[in-house]
Amino acid sequence: MRRLHDWRRYHFMMDDNPSLSGAVKLRLQSQYVGLWFRRMILGDWVSADGAIYGMWDPARHVRPWAQLPQMRRLFGVGVDFGTNNPSTGLLLGLSRERRRDGGYGSRLWLVDEWRHDTRGQETSQLSPSQQAGLFARWLDQPHMPYDTALRPEFVIVAPAALHFQRELNRIGIPTAGGLNNVSYGIATQASLLSEDHLVVSDNCPGFIAEAPGYSWDAKAAKNGKDEPVKVNDRSLGGARYVIATTENMWRPMLDWPTELLLAA
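What you see is a predicted model, and the numbers here were worked out from it, not measured in a lab.

Participant: What am I meant to see in unusual backbone geometry here?
Facilitator: The general pattern is negative phi for most residues beyond glycine and trans for most peptide bonds. Of note in this structure, D196 is not a glycine but carries a positive phi near 60°. Structurally, the position occupied by D196 is in the loop between helix 6 (182-194) and strand 9 (198-201). The exposure class of D196 is partly exposed, given its relative accessible area of 27%.

Participant: How should I be thinking about the sheet that holds strand 1 (residues 62-63) in this particular structure?
Facilitator: Backbone-to-backbone hydrogen bonds join strands into a sheet, with any given pair of strands oriented parallel or antiparallel. Spatial strand order, 1-9-6-3-2-7-8: 7 strands in an open sheet with mixed pairing. At either end of the open sheet lies a strand with only one pairing partner, and these are strand 1 and strand 8 (176-177). Here strand 6 (residues 108-116) runs beside strand 9; their pairing, made up of 3 bridges, is parallel. Among the inter-strand pairings, L108 is bridged to a residue of strand 9, identified as L198. The strands touched by helix 4 (residues 128-140) within the sheet are strand 2 (71-80), strand 3 (87-95), strand 6 and strand 7 (154-157), with strand 6 carrying the most contacts at an inclination of about 140°. Strands strand 2, strand 3, strand 6, strand 7, strand 8 and strand 9 of the sheet are contacted by helix 9 (residues 234-245), whose axis makes an angle of about 130° with strand 2.

Participant: Is there a simple way to explain the packing of aromatic side chains in this structure?
Facilitator: Any aromatic ring pair is given by two values, namely how distant the centres are and how the planes are angled relative to each other. In total, this model carries 5 aromatic pairs according to the counting rule given. Taking the centre distance of 5.6 Å and the plane angle of 35° together, the rings of Y53 and Y214 count as tilted. Taken together, the positions of Y53 in the loop between helix 2 (34-40) and helix 3 (58-61) and Y214 in the loop between helix 7 (205-210) and helix 8 (218-222) put the pair 161 residues apart, joining distant regions of the chain. Owing to a relative accessible area of 3%, Y53 belongs among the buried residues under this scheme. Taking the ring centre of Y104 as reference, the NZ or CZ of R96 above it sits at 3.8 Å. Over the ring of Y241 we find R240; its NZ or CZ atom is 5.0 Å from the centre of that ring.

What counts as what
- Residues numbered from 1 in each chain as written.
- Predicted model: local features only at pLDDT ≥ 70, side-chain atom pairs only at ≥ 80, totals over all residues.
- Heavy atoms only, no water.
- Helix = DSSP H or I, 4+ residues; strand = E, 2+ residues; numbered from the N terminus.
- Buried < 20%, exposed > 50% of the residue type's maximum accessible area, 1.4 Å probe, protein only.
- Pairing = 2+ DSSP bridges.
- Contact = heavy atoms within 4.5 Å.
- Axes fitted to C-alpha atoms, helices over the stretch in contact; angles between N-to-C directions.
- Phe/Tyr/Trp six-rings, centres within 6.5 Å; stacked < 30°, edge-to-face > 60°.
- Lys NZ or Arg CZ within 6 Å of the ring centre and 35° of its normal.

Below you can see the structure in the form of structure tokens.
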């Protein structure tokens, strides 16, 4: 085998960065899990395979809707539209919860879910206009177990679903296109789950059912791409759109350790 005498291989880990304090390193280590931990912390640029949300634990991440804490904001609904697949909408809120030290802190909640799925049913497929009507009626319903003046601030629709956006606009619902960087959105969601900064109410059954089986596409990995298997991911997609698109709003508010929050 030919030897390449003029080639060198250098492997750096996060710990090799002299400008980072010990506290910063610990914080960064807690933010990354699985694939992203190996890449960003250990410096191993490995291919994506296996479960995406390996940290997912219903006992840890799911809370009863009837026990929702007070919300500071309802950022919006992330919508993933489907014709042959389900259409979903995930409502993202920011809580105000009592901390163990007596103060208050916040974390993100997937509060409620709209889901239209005719698979396995005799019901015929609905047109985008008909689905828009169903979504509008769901949007007008109460989304909290208590009275509140809060309403979803944005409706964020998958960028490819322009026809559904137009139907919503036609009936008076303003929309915005969602940020569609899939890899970044997945990494952000995984980080939030691993740090307990994201909790899901049991009014989001689609998300709860899809999260355990979400996995990387092995065929795409062989081509150097980080892509999930596009099966049973519609609720996960809706959540990803609203979380990634509103990040500049909620990110500055997650500056306290969530482990100090009292159990909801």
